[in-house]
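Examination of the molecular architecture
The lines below spell out each chain.
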Amino acid sequence: MRILVIEDDKSIAELERDYLEINGYECDVVGDGVKGLEMAIENDYALIILDIMLPGMDGFELCVKLREKKNTPVIFLSAKKDDIDKVRGLGLGADDYMTKPFSPNELMARVKSHISRYERLTGTHSTNNKVLKIRGLEIDKDGRRVFVNGEEKNMPAKEYDLLLFLAENPNRVFSKEHLFDRIWGMDAIGDVFTVTVHIRRIREKIESNMDNVQYIETVWGVGYRFKG
């Protein structure tokens, strides 16, 4: 799932992006209201995190114009703490309002909640999203099963989780440290070498030619990327 962050404070935008990516979301960041509205309308985002004080067009006006075109969930994240601003933001069609400074964990909880609610209301979480197909590879999310050219491959839990995360975020490079934190958790016992071992095991099961991989490639000195 892809989320749009419209925020002109670079440090805050980077913090939001990092937490979204750690939680498995793809993220686009833009610091201008006019450009943000254009991107919000032209793309199908799962959710939009929106600041109020923006160059070009403020968040309130952006929200009004967006609602003329789309019902994408919107969370206002602003330094404006007055109740009147919260009431105005929600009255203009936003789904939630948080103030800065904010708890990243609380923001992620609200992001997941609003996406789930929107999917239930619109029925967009269809069975089509539950089987991921990439060339000859099929990942059945409900059954936690993996098939290559119709043949099922045995995938222990962490191998499956790692493969699914990479496949759902194609063409992006993830460091071993990022993957370890994402799949095993920041408090897990072990080290990033675990990622290397699991990648090798996954490749042995899904790649037909280890000298010319078609799914998970190594970006030397950086990490791994799933070829979309």
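The text that follows walks through the structure, step by step, so that each part is easy to find. (Residues numbered from 1 in each chain as written. Predicted model: local features only at pLDDT ≥ 70, side-chain atom pairs only at ≥ 80, totals over all residues. Heavy atoms only, no water.)

Check the secondary structure of the protein chain and you find 8 helices and 12 strands. Taking the principal axes of the C-alpha coordinates as reference, the protein chain spans close to 60 × 35 × 25 Å. Here the protein chain holds 228 residues, and the buried ones make up 43% of them. Of the contacts made within the protein chain by residues no fewer than 6 positions apart, 56% connect residues no fewer than 24 positions apart. (Helix = DSSP H or I, 4+ residues; strand = E, 2+ residues; numbered from the N terminus. Buried < 20%, exposed > 50% of the residue type's maximum accessible area, 1.4 Å probe, protein only. Contact = heavy atoms within 4.5 Å.)

A regular strand carries its side chains on alternate faces of the sheet. Direction of pairing for strand 4 (residues 74-78) relative to strand 5 (residues 96-99): parallel, over a ladder of 4 bridges. Bridge assignment links Phe 76 to a residue of strand 5, and that residue is Tyr 97. Once the chain exits strand 4 it traverses helix 4 (residues 83-91) before rejoining the sheet at strand 5, and the crossover so formed is right-handed. (Pairing = 2+ DSSP bridges. Right-handed = clockwise from strand over helix to strand, strands pointing away.)

On to the sheet that holds strand 2 (residues 26-30). The 5 strands are arranged 2-1-3-4-5 in an open sheet whose pairing can be described as parallel. Every other strand in the sheet has two partners, leaving strand 2 and strand 5 as the edge strands with one partner each. Direction aside, the axes of adjacent strands within the sheet are offset by 20 degrees on average. Taken together, the 3 bridges between strand 3 (residues 47-50) and strand 4 define a ladder with parallel strand orientation. Residue pairing for strand 4: Leu 50 is matched across the bridge by Phe 76. Contacts from helix 1 (residues 10-22) reach strand 1 (2-6), strand 2, strand 3 and strand 4, with the element oriented near 170 degrees to strand 2. (Axes fitted to C-alpha atoms, helices over the stretch in contact; angles between N-to-C directions.)

In the structure shown here, the tally under the stated rule is 5 aromatic pairs. Their ring planes at 15 degrees and their centres at 5.6 Å tell us that Phe 180 and Trp 184 sit as a pair that is stacked. Taken together, the positions of Phe 180 and Trp 184, both in helix 7 (residues 176-184) and 4 residues apart, correspond to about one turn of that helix. Of the two residues examined, Phe 180 and Trp 184, each falls in the buried class. (Phe/Tyr/Trp six-rings, centres within 6.5 Å; stacked < 30°, edge-to-face > 60°.)

It is worth spelling out the packing of helix 2 (residues 33-42) against helix 3 (residues 59-67) at this point. Axis separation between helix 2 and helix 3 bottoms out at 10 Å; the angle between their running directions is 25 degrees. When the interaxial angle is binned, helix 2 and helix 3 end up roughly parallel. In the packing of helix 2 onto helix 3, the handedness of the crossing is right-handed. Taken together, the residues of helix 3 that come into contact with helix 2 (itself represented by Gly 33, Gly 36, Leu 37, Ala 40 and Ile 41) are Leu 62, Lys 65 and Leu 66. A class-by-class count of the residues in the contact of helix 2 with helix 3 yields 5 nonpolar, 2 polar and 1 charged. (Parallel < 35°, antiparallel > 145°, perpendicular 65-115°, else oblique. Left-handed = near helix turned anticlockwise from the far one by under 90°. Nonpolar A, V, L, I, M, F, W, Y, C, P; charged D, E, K, R; others polar.)

A few words on the side chain of Glu 21. By the element assignment, Glu 21 lies in helix 1. Given a relative accessible area of 16%, Glu 21 falls into the buried group. With sequence-adjacent residues up to four places away left out, Glu 21 is seen in contact with Phe 165, Arg 172, His 178 and Arg 182.

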